[in-house]
Amino acid sequence: MLQLKELNLTKKQKYFMIVFMIGFLFKYNYMLLLIFNVPAITGIVLKNIFFTFLTGYLLAPLAKAKKGRASLLVVSILFTTLFMGNLWYNRHFGDYLSFIDVTTSEGVGSPVVLFRHIFKVWDIFFVIDIILLVILTFKARDTKSKGNIVALFTKSRIKRGTIVIILLLIFQIFTVNLLLGNHSPAELYSRSSAGFVNVYGLASLYLYEFHTSTYAAYLNIANKEVSTPIEEDRLDDKSLIDKNSNIIVIQLESLDEKIIDYRHNNRELTPFLNQLKNESLYAENFYSQHVNGSFDADFAFLTSLYPVNRNYSFREDDMSKFDSIVKLLKKRGYQTLAFHGNNKKFFHRYKAFPSLGFDRFYSREDFSSKDRIMDLEESYLGINDYDFFNQSLDYLEQADRPFFAYMITVSTHTPFTFYPESEIQKEYSDIDNPIVYDYFQSVSFLDKSLEMFFDQLQQRGLAENTLFIIYADHQAGIDEKEYTSSEEFVADENINQPEHIPLIIKYPAVQADVIKKTATTTDIAPTILDMMGIEQKPREFIGSSLLKGEQKPVPFIHELPQVLYKDHLFIKGLEGLEKVGHLKGTTKEGVELTKKDKNRILQIIDYMKAIMLKRRIDTQE
């Protein structure tokens, strides 16, 4: 290896290269270990050796001139930008920032979300090397003789260095790929992006994702036939609700299951929801499908399928080709209505909802700011929940009977500041943490909005013959000392943990009870059909009714697919499904997936990935 001493670098030039190397390797290794969770440590060690030789042979001579140091500074800044993007994306969404995310994601919304909900003070630590490099770029003196720099890049030295580096790279790729099963690049990427990075590196990953983002890259897959996973598709033919009952499904924004019955200073945060829970069927082990964004909840509920990581379904797929509960109810004489107080183009719902079968989609343009009751200006989220529900009442009253209404709230969206001052609860004034304070206030405002809505439905005679389904799109994602959203799972790896959310099923003639079966958003539509006495699910519905059947493992198709079964977590690695954690307070041992369950889960994962590609369309306008 070419040593720094051999280059006759000055002390500050040496410091520059040491800071550059340490800063780069620290961030690179952090990404591989904590963001990608690469499976082979050997790959990291060999990558570090490769980068050390690359720096010593080809980059270190650049430190002798200001222009060379400036070039390395630019490289460091660009890599740090990539690192910070991945760090913040991982902190908010639980995955790495892919090429697809950069080009198609809707982002996090308000900049306040980034600096208040994602940014941490200690993130400054990750740019200390940049600060030092800037200082050393201009403080270090250039080598007086330009010839000395040119001499270091002689053909023989470059040739020798290049040969060594190429041999190291080939050895690293061959060795690590052999450790991971000796797969082709395409097969390895389809099995595990973490494994792909472990073998081929970050740059190769982004180049490969750019390639696969083109139409030609997935054309062969799209033309292949895929079969629906074999699922039990028979429901009970006994109806629990009247034949012409209305159905109102309310998808609440960012509501943790923990919030139900939660008290602060002896005040219930959600007194109305608590009361409603006690009068309803309540699923106490219910988890969200939150893989890409909030629209995953829409997709999972309406199609009874599982969202797939890095697939923005409403934007990329032809939703008219999917079975949906909307189409089924429409065939049975229901008027189908969707309501959302935000811009209709958000998450491309304005295209997806009609394709899924909705007769009418009421969005921001259908709600009046002039007629609002709450003294609260609309934000980028649209209209507040109270006025959203209040103005939706007339639309519901005018609807044909029976109707199916799907309603999406917004007021409890990050950064949790979308509530009026007139509704501030004084009991929370002792909370110093602004995120927790605002979340509690916005949740209380949501609860009041729901109470008003139900009271008005009752007064207008719309509640007596109506099935209500209330659940959340996902958790709030708060992890603070004063309050944390998540259940605590004990896991061996840094993975996305299942998001525990409430599910309330309310119908006048159905007795209150607690459903203990572990389930997810994908299971809501089959549950509604089961309550209606519809014996046959649509062919593609993978979910199962919460009211029947034995406990099944629940999959979440993240970048690293995982399974929740009897409070234990499993992940899909290169060698199949393996246990990695369990809910705190439960026994670590004693729960395993059967061979049948493993095959079912793997079949579902493969099917969902294939079907999403098969139904992808060109969305360029």
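Further up the page is the structure itself.
Within each chain, residue numbers correspond to sequence positions counted from 1 in written order. This being a predicted model, a pLDDT of at least 70 is required before a residue's local features are given, and a value of 80 or more before pairs of side-chain atoms are given or counted; all residues contribute to the totals for chains, interfaces and linings. Note that water and hydrogens are dropped before the side-chain values are worked out from all heavy atoms of the structure.

(A) Broad picture of the side chain of His340. Inspection of the secondary structure puts His340 in strand β6 (residues 335-340). As used in this structure description, the phrase polar contact means that two N or O atoms lie within 3.5 Å; if the pair is within protein, one of them must be able to donate a hydrogen and the other to accept it, and residues adjacent in sequence are counted only when both atoms belong to side chains. Looking at His340, its side chain comes within polar contact range of the main-chain oxygen of Ile408, at 3.3 Å. In what follows, residue pairs with any heavy atoms lying within 4.5 Å of each other are defined as contacts. Setting aside its immediate chain neighbours within four residues, His340 contacts Arg349, Phe361, Tyr362, Ser363, Arg364, Phe367, Phe388, Ile408, Thr409 and Val410. Strands are runs of DSSP state E lasting at least two residues, helices are runs of H or I lasting at least four, and both sets are numbered from the N terminus onward.

(B) Examining helix α18 (residues 385-398) more closely. End to end, α18 covers 20 Å across 14 residues, agreeing with the expected 20 Å (1.5 Å per residue, within 8%). The largest bend along α18 measures about 25° and falls at Ser392. Exposure classes here rest on a 1.4 Å probe applied to the protein chains alone. A residue is buried below 20% of its type maximum, exposed above 50%, and partly exposed in between. Residues Asp385, Tyr386, Asp387, Phe388, Phe389, Gln391, Ser392, Leu393 and Leu396 constitute the buried set of α18. Lining the buried residues of α18 we find β1 (246-252), β6, β8 (403-408) and α19 (434-459). One side-chain oxygen at the N-terminal end of α18 lies 3.0 Å from the backbone nitrogen of Tyr386; it belongs to Asn384. How far a helix is expected to stretch is found by multiplying one less than its residue total by 1.5 Å. Fitting one axis to the seven residues ending at a residue and another to the seven starting there, the bend at that residue is the angle between the two axes.

(C) Spatial organisation of the pairing of strand β11 (residues 503-506). Because side chains alternate across β11, one face comprises the buried residues Leu503 and Ile505, and the other comprises Ile504 and Lys506, equally buried. In this sheet, β11 lies alongside strand β4 (residues 281-283) in antiparallel orientation, the contact comprising two bridges. Its bridge partner being in β11, Tyr282 is matched across the sheet by Ile504. Strand direction decides the pairing type here: strand β9 (residues 466-472) and β11, joined by four bridges, are antiparallel. For Phe468, the partnering residue across the bridge sits in β11 and is Lys506. Here the rule is simple: two strands pair whenever DSSP picks up at least two bridges between them.

(D) Up close: a nonpolar patch on the surface. Among the surface-exposed residues, Phe26, Phe125, Ile128, Ile131, Leu132 and Ile135 lie close enough to one another that they form a single nonpolar patch of about 560 Å² accessible area. Relative to the elements of secondary structure, Ile128 occurs in helix α6 (residues 128-139). Here the term patch refers to residues with relative accessible area over 30% and no salt bridge, with like charges joined within 9 Å and nonpolar side chains (Val, Leu, Ile, Met, Phe, Trp, Tyr) within 5 Å. Where accessible areas are quoted, they stem from the Shrake-Rupley method and a 1.4 Å probe; at the residue level, only the protein chains shown are allowed to cover. The rule for a salt bridge is simple: a side-chain nitrogen of Lys or Arg has to be within 4 Å of a carboxyl oxygen of Asp or Glu.

(E) Expanded view of the pattern of salt bridges. In this structure the tally under the stated criterion is 19 salt bridges. One salt bridge in this structure joins Arg267 and Glu427, with 3.8 Å as the shortest N-O distance. Remark: Glu427 occurs in the loop between β8 and α19 and Arg267 occurs in strand β3 (residues 267-268); sequence separation between them is 160 residues. The exposure class assigned to Glu427 is partly exposed, which follows from its relative accessible area of 32%. Glu592 is paired through a salt bridge with Lys579; the nearest N and O atoms lie 3.4 Å apart. Of this pair, Glu592 sits in the loop between β17 (576-583) and α21 (595-614) while Lys579 sits in strand β17; the two residues are 13 residues apart in sequence, bridging distant segments of the chain.

(F) Main features of the sheet that holds β8. Strand order in the open sheet formed by eight strands is β7-β6-β8-β1-β9-β11-β4-β12, and the pairing between neighbours is mixed. Each edge of the open sheet carries a strand with a single partner, namely β7 (360-362) and β12 (513-515). Sheet twist, expressed as the mean angle between neighbouring strand axes with direction ignored, is 15°. For every element, the axis is a line fit to its C-alpha atoms; helices are fit only across the contacting stretch, and the angle between N-to-C directions ranges from 0 to 180 degrees. Lying on the sheet, α19 is in contact with β1, β8 and β9; it crosses β1 at an angle near 170°.

(G) Here's a closer look at unusual backbone geometry. A cis amide bond, omega -10°, links Arg401 with the succeeding residue Pro402. Mapping Pro402 onto the fold places it in the loop between α18 and β8. Non-glycine residue Asn266 carries a positive phi angle of around 65°. Given a relative accessible area of 63%, Asn266 falls into the exposed group. Residue Asp567 is not a glycine yet carries a positive backbone phi of 70°.

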